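# Survey of secondary and tertiary structure
So you can see what is in the structure, the chains are spelled out below.
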Amino acid sequence: MKLHHLRLENFRQYRGEQELVFATDKSQNITLIWGANGSGKTTLLNAFTWALYGTFSQDFENQDTLYNLDAWNKLASGDRMTVGVELEFENAGQIFTVRRESRFAKGVDGDAACVLDGEVSLTFRDETGRSQKSGNPSDHIKQILPERLHNFFFFNGERIENLVKAKAYEEIEDAIKTILGLAVVERAIKHLPTTIKKFEDELRKHGTDEQREAATELLDLDTKIEQRQQELADSRRAETQWQDELAELDQKLRGSEQSRELQRRRDELAADEIKRENEIEQLGRRIDRLIRENGFLAAGADLFASIRDLFVEKRERKELPAPVKIDFIEDLLEDGTCICGASLAEGTSGHQHIAEWKQRAGLAEVEERWISLHSYAGHMEKSRSELGGQLDELLNDRLAAVQARDFIREQLSEVSTQLQSHSIDEIAKLEDARVKVGNHRNDELRRQGRLDTELANLGEAKRRAETRLEKAQSVEAKAALAQRRVTATRDALALLEKIFEVRTQHTRTSLDDEIKRIYNSISYKPYVPEVSETFQLDLFQPDSREPVAKSTGENQILSLSFVGALASIARARFEETSKESAGNVRGGIYPIVMDAAFCSLDLSYRRDVSIGLPQLAEQVVVIVSKSQGEGVLEHLAPRVGRSYVISYATPKQDAAHETIKLADETYPYVHPSPDGSEYAELTEVS
Amino acid sequence: MEIRDQINEVLESASPEARKIVEEMLKIEARYIHMTQPRGIHDDIVEMIGREVQ
């Protein structure tokens, strides 16, 4: 999706017709728009979303009054006014024009009656160059840029940092699935159980008692699993909200001079606690492994001792080594002569005597086995004693780590107590709130643990019931067919779930790599960003993996890195699927349109963001005020392809004339309106 | 392991019938993807499985 131009007609502040033409050159991919506060910057951002989806951002006030008030006031009673936004863009080689318009009629008392409410049309030029009108414009637009993705590409810089909040994980996960075209798989997973239930009903109708019982049990288990999964999702949502609240309270405590030191201490202790937790977990894993691989040695003590005793006993009885070998006896008997020269012919007393020895002689093989068994038992006894030593050492280390962690927890508790009893009321209240929020979060974590265990048990029970159903013999042909359909559909569902998991995790890894790359190229801090298994965005210290207490600047850079990574993955996916099959294209090439790009960032972060912006997407539209743009232009200038100023005419007649100097030219920025009206106009910077 | 190899491994572990159902299922879902409440989709799925598993 490459933006060509945006045309506004009497849309809010923009009187008459106004046009923005966007930079499309790859080396100069930035369109920079300057505007004073209240001049119509947010309106521009909302013009995109209104044209595409008919929606506005939450901070867009008076959403019902879309028409330009100045033009409206000049309209005669009974006349009508059209408000429209037209966006032309290119996608996959085709040129699209989306136009949305509303029409208002002015009543005799000046009231506005809406006679056309946001009607949308979409035209595009096909391969032959002919213009065609889309029969399903809304669906068509959503195919190009799915609605649930637009927040990531058309956004307000001041709010983008919300992406790094824990509760954003669902939004992030959704975006990933949409980009990958996984929504199709996800919906298939959602729809198949209904079909399975239908076939199971047939089985209950025509099947044997055993089949009926297994099918009913499966139905019951499916219901329970669905309920628990819903509870787990609810709990995760609640827990992330508590987590965000905790982060906000911590930030407030860090911000107050009176609590800063104690909060800093808590941050350090919390980082230490994580380190200790990791250490305890690692030691636990080592202990588990040692027991798994060598634990049998502990149970073998009696066995090894009895082998040793038996061996000693046999030696004492001179059975080991055997006094004479069986081969030697057999040779003598075969030879018929003893070593002393006596005859050993059959029937002689010598033959009988030597033959009796045969019973007492030992087999060389058995002897070897005894010796090797004895040596093995000795080795095992030694290993057993070493295992004890290793286990003791690991258990001691774990105990020390647990004690260290518990000590840290005591110190954390002390910090909390000190804050709760702080002489400044506000700080004490903040800490009280923090304790409550922390307890709520812990409750949710415990609930999740219980639900995980329950789900694992239900899953196991379901597998057993499925096997029973699969093995049950059918009597009626209809039951046999229903049974096969149930089994095949359940297998298909399991297959879809596995595919979904593999693809989601693979994308998470790619996203993680891409965010790391972009973050490192933008930020001068050495921190390491990470997308967790549950799609949460975090920032860590480079070596210790301690979480970084993020500032607004860090959050914004991290969020921008995420948006850039998303654009990059969408593009890669688009190119990949375009080659694969024309019918199932997913992903896309998306622009980034950003209002208040540099909001409250300090200069060093502004510099970083302005250097990083051009590389985030193929096309970037940046909307800023003069103050937000300070320290930015020098870095952005080489990449700016087009630039505009929103000239704002204020009805306030005593307002000072304000100008903006760009490329050696001066442009009106804010000025009193000559006729007392309020409007905005777009002027291109030459 | 490459994503394609992982997916192939997953597919190979399934029965030919399950693979076919998945393939057909995705085609049905793609047809209904722009409908929030896809009316008629369940009939299509039942018909498809009835056809594939005889």
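Residues numbered from 1 in each chain as written. Chains lettered and ligands numbered in written order. Predicted model: local features only at pLDDT ≥ 70, side-chain atom pairs only at ≥ 80, totals over all residues.

## Focus on the overall build of chain A
If you tally the helices and strands in chain A, you get 19 helices and 16 strands. Within chain A, the fraction of its 686 residues that count as buried is 31%. (Helix = DSSP H or I, 4+ residues; strand = E, 2+ residues; numbered from the N terminus. Buried ≥ 20, exposed ≤ 12 C-beta atoms within 10 Å, placed from the backbone.)

## Considering the overall build of chain B
Helix and strand counts for chain B stand at three helices and zero strands. Ordered by position from the N terminus, the helices and strands of chain B form the series α-α-α. Looking at chain B residue by residue over its 54 residues, the buried ones come to 19%.

## Looking at the interface of chain B and chain A
Taken together, the 22 residues of chain B in the interface contact 25 residues of chain A. Of all the elements in the fold, those that place two or more residues in the side of chain B that touches chain A are helix H1 (3–12), helix H2 (16–32) and helix H3 (41–52) of chain B. A class-by-class count of the residues in the side of chain B that touches chain A yields 16 nonpolar, four polar and two charged. (Contact = placed C-beta atoms within 7 Å. Nonpolar A, V, L, I, M, F, W, Y, C, P; charged D, E, K, R; others polar.)

## A short note on the sheet that holds strand S5 (residues 94–106) of chain A
All names here are of chain A. Read across the open sheet, the six strands follow the order S2-S1-S4-S5-S6-S7; overall the sheet is antiparallel. Bordering the open sheet on either side are strand S2 (17–21) and strand S7 (131–133), each of which pairs with just one other strand. Within this sheet the neighbouring strands show an average axis-to-axis angle of 15°, counted without direction. Here twelve bridges tie strand S4 (residues 80–91) to S5, and the two strands are oriented antiparallel to one another. Looking at the pairing, Thr82 lines up with Arg103 of S5. Seen against the sheet, helix H1 (residues 41–53) touches strand S1 (2–9), S4 and S5 and runs at an angle of roughly 85° to S4. Helix H3 (residues 137–144) contacts S4, S5 and strand S6 (112–125) of the sheet and is inclined by roughly 55° relative to S6. (Pairing = 2+ DSSP bridges. Axes fitted to C-alpha atoms, helices over the stretch in contact; angles between N-to-C directions.)

## Details of the confidence of the model for chain A
Model confidence for chain A is summarised by a mean pLDDT of 87, while 96% of its residues fall at 70 or above. Below pLDDT 50 for its whole length, residues 581–585 of chain A participates in six contacts with residues either more than four positions away or in separate chains. (pLDDT = per-residue confidence, 0-100.)

## A short note on H1(A)
All names here are of chain A. Taking 1.5 Å per residue as the helical rise, H1 with its 13 residues ought to reach 18 Å, and the 19 Å between its terminal C-alpha atoms agrees with that figure. A large share of H1 lies buried, amounting to twelve of its 13 residues. Taken residue by residue, H1 has Lys41, Thr42, Thr43, Leu44, Leu45, Asn46, Ala47, Phe48, Thr49, Trp50, Ala51 and Leu52 as its buried positions. Following H1 by one or two positions, Gly54 adopts a phi angle in the positive range, close to 75°. (Expected span 1.5 Å × (residues − 1).)

## Side note on the packing of helix H16 (residues 477–522) of chain A against H1(B)
Contact geometry of H16(A) with H1(B) gives a least axis separation of 10 Å together with a crossing angle of 165°. The angle between the axes of H16(A) and H1(B) places the two elements in the roughly antiparallel class. Once H16(A) is placed against H1(B), the crossing between them reads as right-handed. Residues A:Leu495, A:Lys498, A:Ile499, A:Val502 and A:His506 of H16(A) lie in contact with H1(B), whose contacting residues are B:Ile3, B:Gln6, B:Ile7 and B:Val10. Classifying every residue of the contact of H16(A) with H1(B) gives six nonpolar, two polar and one charged. (Parallel < 35°, antiparallel > 145°, perpendicular 65-115°, else oblique. Left-handed = near helix turned anticlockwise from the far one by under 90°.)

## Remarks on unusual backbone geometry
Positioned with a positive phi, A:Asn10 is a non-glycine residue whose angle comes to about 50°. For A:Asn10, a count of 26 C-beta atoms within 10 Å translates into the label buried.

## Things to note about the pairing of S4(A)
Both faces of the sheet carry side chains from a regular strand, because those side chains alternate between them. Residue and element names in this part refer to chain A. Examined bridge by bridge, S1 and S4 share seven bridges and lie antiparallel to one another. Its bridge partner being in S4, Glu9 is matched across the sheet by Gly84. Linkage of S4 to S5, two consecutive antiparallel strands, is achieved through a turn of two residues, within which Ala92 is found at a positive phi near 45°.

## A look at the nonpolar core
Residue and element names in this part refer to chain A. Among the nonpolar cores identified, the biggest contains 128 residues, and Ala47, Ala492, Leu566, Ile592, Val609 and Val622 are the most heavily contacted of them. At 14 residues, the largest contribution of residues to this core is made by H16. Excluding residues within four positions of it along the chain, Val609 makes contact with Ile522, Gln556, Ile557, Leu560, Ala597, Phe598 and Leu601. Leu253, Leu262, Leu419 and Ile427 belong to the second largest nonpolar core, which has six residues in total. (Core = buried A, V, L, I, M, F, W, Y, C linked by C-beta atoms within 7 Å.)

## Here's the deal with the pairing of strand S14 (residues 658–662) of chain A
Residue and element names in this part refer to chain A. Pairing between S14 and strand S15 (residues 665–672): five bridges, direction antiparallel. Following the sheet pairing, Lys661 is matched in S15 by Thr666. Remark: two residues form the turn of the hairpin made by S14 and S15, two consecutive strands paired antiparallel; Ala663 in that turn has positive phi of roughly 50°.

## Overview of the packing of H16(A) against H2(B)
For the pair H16(A) and H2(B), the least separation of the axes is 8 Å and the interaxial angle reads 65°. Judged by the angle between their axes, H16(A) and H2(B) are roughly perpendicular. The interaxial crossing formed by H16(A) with H2(B) has right-handed handedness. Together, A:Ala488, A:Thr489, A:Asp491, A:Ala492, A:Leu495 and A:Leu496 of H16(A) and B:Glu17, B:Ala18, B:Ile21, B:Val22 and B:Met25 of H2(B) make up the contact between the two elements. Of the residues that constitute the contact of H16(A) with H2(B), the class distribution is eight nonpolar, one polar and two charged.

## Digging into the environment of A:Asn162
Residue and element names in this part refer to chain A. Note on placement: Asn162 falls in the loop between helix H5 (157–160) and helix H6 (169–180). By the C-beta count within 10 Å, which is 16 here, Asn162 ends up partly exposed. In the structure, Asn162 is positioned 390 residues away from Thr552 in sequence and 9.9 Å away in space, judged by C-alpha atoms.

## Here we look at the environment of A:Pro193
Structurally, A:Pro193 can be placed in helix H7 (residues 182–206). Sequence separation between A:Pro193 and A:Thr489 is 296 residues; the distance between their C-alpha atoms is 8.5 Å.

## Observations regarding the environment of A:Thr683
Residue and element names in this part refer to chain A. Here Thr683 is to be found in strand S16 (residues 679–684). Under the C-beta neighbour-count criterion, Thr683 is labelled partly exposed, with 17 such atoms within 10 Å. It is 8.1 Å that separates the C-alpha atoms of Thr683 and Tyr667, two residues lying 16 residues apart in sequence. Every residue in contact with Thr683, bar those within four places of it in the chain, is listed here: Tyr644, Val645, Ser647 and Tyr667.

## A closer look at the confidence of the model for chain B
Put simply, chain B has an average pLDDT of 87, and 94% of its residues get 70 or more. Averaged pLDDT values over the elements of chain B bottom out at 85 in H1(B) and peak at 93 in H3(B).

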